[in-house]
Structure formats: structure tokens, C-alpha cells
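Analysis of the macromolecular model
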Amino acid sequence: MYSFTKPNRDSITLLAGLGVQGDVHAGVTVKHRSRVAQDPTQPNLRQVHFIHQELFGELREAGFEVAPGDLGENVTTSGIDLLSLPVGTLLRLGEEAVVEVTGLRNPCLQIDIFRDGLLKQVVGRADDGTVVRKAGIMGIVVTGGTVRPGDEIRAELPAGPHRPLERV
């Protein structure tokens, strides 16, 4: 059964080329409903969803109580500026898993069903009018493995020039 939020687990298993074992979004091709409606043969660039723990503090200050897993992320990070990583960054999780960063999460209206008004907190506009997405990043599994809470995550930047993240 599909649920917007995801439970916290003792571990998750990342499967190369697919995503998180047992996750509704796992697969070689797109699984998100709106993207399937557009073209179900598109490659799945949204196999793993990461959110930075620091976002929860920002949301709390704005009056929203949000905890890890509530926004549908698979992995919650701390101390990594996820949103400024370039496309192609490799995130090494624990002893063996590797995820390649593909882009920014573009949250849908389900986020407002979860908490009314939350979408405006995670998608806004900069002073120059550009859209700012803060709801985490997406990636594809390059090397599978088991990931546990507290595992170290190391970011390995790609060779330059770096391309900034865009929505995927």
C-alpha cells in the first residue's frame, strides 16, 4: 500500500539500478504517478530521495512539525549541503552503497495534504524570481548495499565543470 510518509527502519537495502528494496518508487523506469502519465518509459532518476535534517529545523521555525521520513525521503542526512551539490556527485553511504545525484526533488501537492501550507515552505522564489526547491535531492543507485542510521555519508564531487542541480 502506498503512503506519502516512510517509516524509520533499522536498515534499507539499495539495489543497483533500481533504488530502495521494497520502495514504491524503485525501478528502472519512472514510478511517480505524474511522470508515468507523461511517459512511462522515462528512466527513473528518482530512485533514492535524500533530505537534509537541517530542513526540519527551518520548518519547525515556520510552525511545521516534520520528522525524518515524513516527507517521503529514504535517507535523512546531517551536515551535508545537499542542495548545492552538482549533478553527478557520488554519495557513498556506509561501507558499500553508492548513489549518483541526479537532481532536486520537485514536491507535488501531496505535501500539502500531509501538512497544509507546507509546499510553500519547501518551494519558493528567490529575489530574482527563480524557483527555489528545498525538499531534498534525488539519485540513482550505482552500487547496492545496506544502509543504516548513523552510517557515514561521503560526497565525492564529479570532475568539473559542475552543473547545478535542476528538478528531476
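Further up the page is the structure itself.
Residues numbered from 1 in each chain as written. Predicted model: local features only at pLDDT ≥ 70, side-chain atom pairs only at ≥ 80, totals over all residues. Heavy atoms only, no water.

On to the sheet that holds strand 2 (residues 19-20), then. Read across the sheet, three strands follow the order 2-1-10 without closing on themselves; strand pairing throughout is antiparallel. Each edge of the sheet is formed by a strand with only one pairing partner; in this case those strands are strand 2 and strand 10 (145-147). Pairing geometry for strand 1 (residues 12-15) and strand 2, over two bridges, is antiparallel. Each bridged residue has a counterpart across the sheet, and for Leu 14 the counterpart in strand 2 is Val 20. (Pairing = 2+ DSSP bridges. Helix = DSSP H or I, 4+ residues; strand = E, 2+ residues; numbered from the N terminus.)

Take helix 2 (residues 53-61) next. All buried positions along helix 2 are accounted for by Leu 55, Phe 56 and Leu 59. The buried residues of helix 2 occupy one face: seen down the axis, they fall within an arc of 105°. For helix 2, the secondary structure elements touched by its buried residues are strand 3 (48-52), strand 4 (75-77) and helix 4 (118-122). Once helix 2 ends, the next one or two residues include Gly 63, with phi positive near 95°. (Buried < 20%, exposed > 50% of the residue type's maximum accessible area, 1.4 Å probe, protein only. Arc of directions from axis to C-beta. Contact = heavy atoms within 4.5 Å.)

Here the focus is the packing of aromatic side chains. One pass over the structure, following the stated rule, counts zero aromatic pairs. The cationic tip of Arg 115 hangs over the ring face of Phe 114; the distance from NZ or CZ to the ring centre is 4.1 Å. (Phe/Tyr/Trp six-rings, centres within 6.5 Å; stacked < 30°, edge-to-face > 60°. Lys NZ or Arg CZ within 6 Å of the ring centre and 35° of its normal.)

Attention now goes to the side chain of Arg 105. Among the secondary structure elements, Arg 105 is positioned in the loop between strand 6 (97-104) and helix 3 (110-114). The buried charged residue Arg 105 lacks any salt bridge, with Glu 73 as its nearest oppositely charged partner at 5.9 Å. One polar contact links the side chain of Arg 105 to the main-chain carbonyl oxygen of Leu 71, over a distance of 2.9 Å. (Lys, Arg positive; Asp, Glu negative; His and termini not counted. Salt bridge = Lys/Arg side-chain N within 4 Å of Asp/Glu carboxyl O. Polar contact = N/O pair within 3.5 Å; in protein donor to acceptor, adjacent residues only side chain to side chain.)

Now for the pattern of salt bridges. The final tally for this structure, using the stated rule, is five salt bridges. With its nearest N and O atoms 3.0 Å apart, the salt bridge here joins Asp 23 to Lys 6. Pair noted here: Asp 23 is in the loop between strand 2 and helix 1 (33-38) and Lys 6 is in the segment before strand 1, with a separation of 17 residues, a long-range link. With respect to burial, Asp 23 and Lys 6 carry one shared label: buried. Close ionic contact of Arg 60 with Glu 65 constitutes a salt bridge, the shortest N to O distance being 3.5 Å.

This part is about the nonpolar core. Formed by 21 residues in total, the largest nonpolar core has its most connected members in Leu 14, Val 48, Phe 50, Leu 91, Leu 93 and Ile 137. Broken down by secondary-structure element, the contributors of at least two residues to this core are strand 1, strand 3, strand 5 (90-93), strand 6 and strand 9 (137-143). Counting residues per element, this core draws most heavily on strand 6, at four residues. Look past the residues within four positions of Leu 14 in its chain and what remains in contact with it is Gly 19, Val 20, Val 48, Ala 97, Val 99, Val 141, Gly 144, Gly 145 and Val 147. The next biggest cluster of nonpolar side chains, apart from the first, holds 13 residues, and it includes Phe 64, Leu 71, Ile 111 and Ala 135. (Core = buried A, V, L, I, M, F, W, Y, C linked by side-chain atoms within 4.5 Å.)

What follows deals with the side chain of Thr 102. Of note, Thr 102 is situated in strand 6. Of note is the side chain of Thr 102, whose polar atom sits 2.6 Å from the backbone oxygen of Leu 45. Apart from the residues within four sequence positions on either side, Thr 102 is in contact with Leu 45, Val 87, Met 138, Gly 139, Ile 140, Leu 165 and Val 168.

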